[in-house]
Amino acid sequence: MARMGLHVCATLACVFAGFGLISCCTFASPTLLCLDIDYNNMSYIQSLIDLNAPEEFYAYGATNMGNTIISFGQRENLNSITLADCDIDSFQDSDIFKVLPGLRFLNLTINGLTAIPHLPKSLQWIDLSGNDLLFSVANWDDTSAVKAFFSPLEGLELLQDLDLSHNDLGFFGGFSISNKLKFLDLSYNPLYKIWLQNTPWILNLTYTNIEMNAKSTRIDNFVFHPRGQLKRIDFNNAGIDRIDTNFLETLTAWSAQCNLQISWQYNPWVCDCHSVQLRAWMVALSRTSIIPDWFQDGITCNSPAKVAGNTLVSVAESDLVSVGGTNCPV
């Protein structure tokens, strides 16, 4: 609830309706337009928008809006829009939000969106969680595909909070957005690859969540600016089976400088011939005085069966080699 600070609903009825406790009556004022749950009269909704020119627009559970045709015009005073759980799969006008110069808060959670809509540069908070946003990891190196999918997020220089959780993203990265971004949630996506190399927006990031991803995650070129503000990364249940030694070195150095907290338990670590270098590095680090608290959890092998249940550092290098692996380094 802390991240809701940028948006204040003017009636408690609307807030409670979001939790299914009571209904939210249709309510209109010069500052807020709050729509009743399951209210689907699009022409009436449009007339209310046109008549009241609200600063905030709130609709929760207005089902079957579908390819919505409502328009907010180009009102400079409209700063907050919530269209949550409204069954919106797309917007007939792709620039419905982009033409709103004062929009700071946009909540599109729990809809059926398959693409990120065009967004105004004024946005500070975006919630796109619980949609059907799909990007296959197979296209991660297709520059044009990455640009086409993530381009709405590019150039949002004021963005501080981005929630893309509970979607179908197999890949995230290859683009740059606000260097003011502080909160990034990618949890509950089938992430396989995260590529954040040469992305200056990582500078002020304080929290990122990659918890509970459905597939194995490879974290490549996840680079942190040496003067950044990152305080917490959650990799619990992220489906991570391998991790690059250079990436782990970066995290350890960062932790020593900035008190970075990292959670990475309950992952299906594969300990085989590809883990030899990582094990050697971890053993060496364990003999120094700079070992961070989070490192104590170590890496517990999930497979192969011969080493399952053991921490990586406790497995002999010869055993890692003997269990083999695909394309083992010579």
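Residues numbered from 1 in each chain as written. Predicted model: local features only at pLDDT ≥ 70, side-chain atom pairs only at ≥ 80, totals over all residues. Heavy atoms only, no water.

Peer 1: Quick question: what am I supposed to make of the overall build of the chain here?
Peer 2: Helices and strands together make up the secondary structure of the chain, namely six helices and 20 strands. When the 330 residues of the chain are sorted by exposure, 50% land in the buried category. Within the chain, contacts between residues separated by at least 24 positions form 55% of all contacts whose residues are at least 6 apart in sequence. For the chain, the exposed area adds up to about 15000 Å²; of that, 51% sits on carbon and sulfur atoms. (Helix = DSSP H or I, 4+ residues; strand = E, 2+ residues; numbered from the N terminus. Buried < 20%, exposed > 50% of the residue type's maximum accessible area, 1.4 Å probe, protein only. Contact = heavy atoms within 4.5 Å. Areas by Shrake-Rupley, 256 points an atom, 1.4 Å probe, with all protein chains shown as cover.)

Peer 1: Whenever I open this one, the packing of aromatic side chains confuses me. Can you help?
Peer 2: Given two aromatic rings, one states the distance between the centres and the angle between the planes to describe the pair. Inspection of the entire model under this criterion finds eleven aromatic pairs. Each ring, one from Phe149 and one from Phe150, has its centre 4.9 Å from the other, and the planes form 80°; the classification is edge-to-face. You can call Phe149 buried: its relative accessible area is 11%. Ring pairing ties together the aromatic residues Phe135, Trp140, Phe149, Phe150, Phe171 and Phe172, which thus form one cluster. (Phe/Tyr/Trp six-rings, centres within 6.5 Å; stacked < 30°, edge-to-face > 60°.)

Peer 1: Where do I start with the state of the cysteines in this structure?
Peer 2: Under the criterion given, the structure shown has one disulfide. Here Cys271 connects covalently by a disulfide to Cys301, the sulfurs 2.1 Å from one another. The chirality of the disulfide connecting Cys271 with Cys301 is left-handed, given an S-S dihedral of about -95°. Of the two residues, Cys271 sits in the loop between β19 (269-270) and α5 (276-286) while Cys301 sits in strand β20 (residues 301-303), which places them 30 residues apart along the sequence. For Cys271, a relative accessible area of 1% corresponds to the buried category. (Disulfide = S-S within 2.5 Å.)

Peer 1: Help me understand helix α3 (residues 143-150) in this model?
Peer 2: Residues three or four positions apart in an α-helix share a direction because the helix packs 3.6 residues into each turn. Three or more residues of α3 are buried, namely Val146, Phe149 and Phe150. Down the axis of α3, the buried side of the element spans an arc of 80°, and every buried residue falls inside it. Those residues of α3 that are exposed and aimed more than 90 degrees away from the buried face are Ser144, Lys147 and Ala148. For α3, the secondary structure elements touched by its buried residues are β9 (134-135), β11 (168-169) and β12 (171-173). (Arc of directions from axis to C-beta.)

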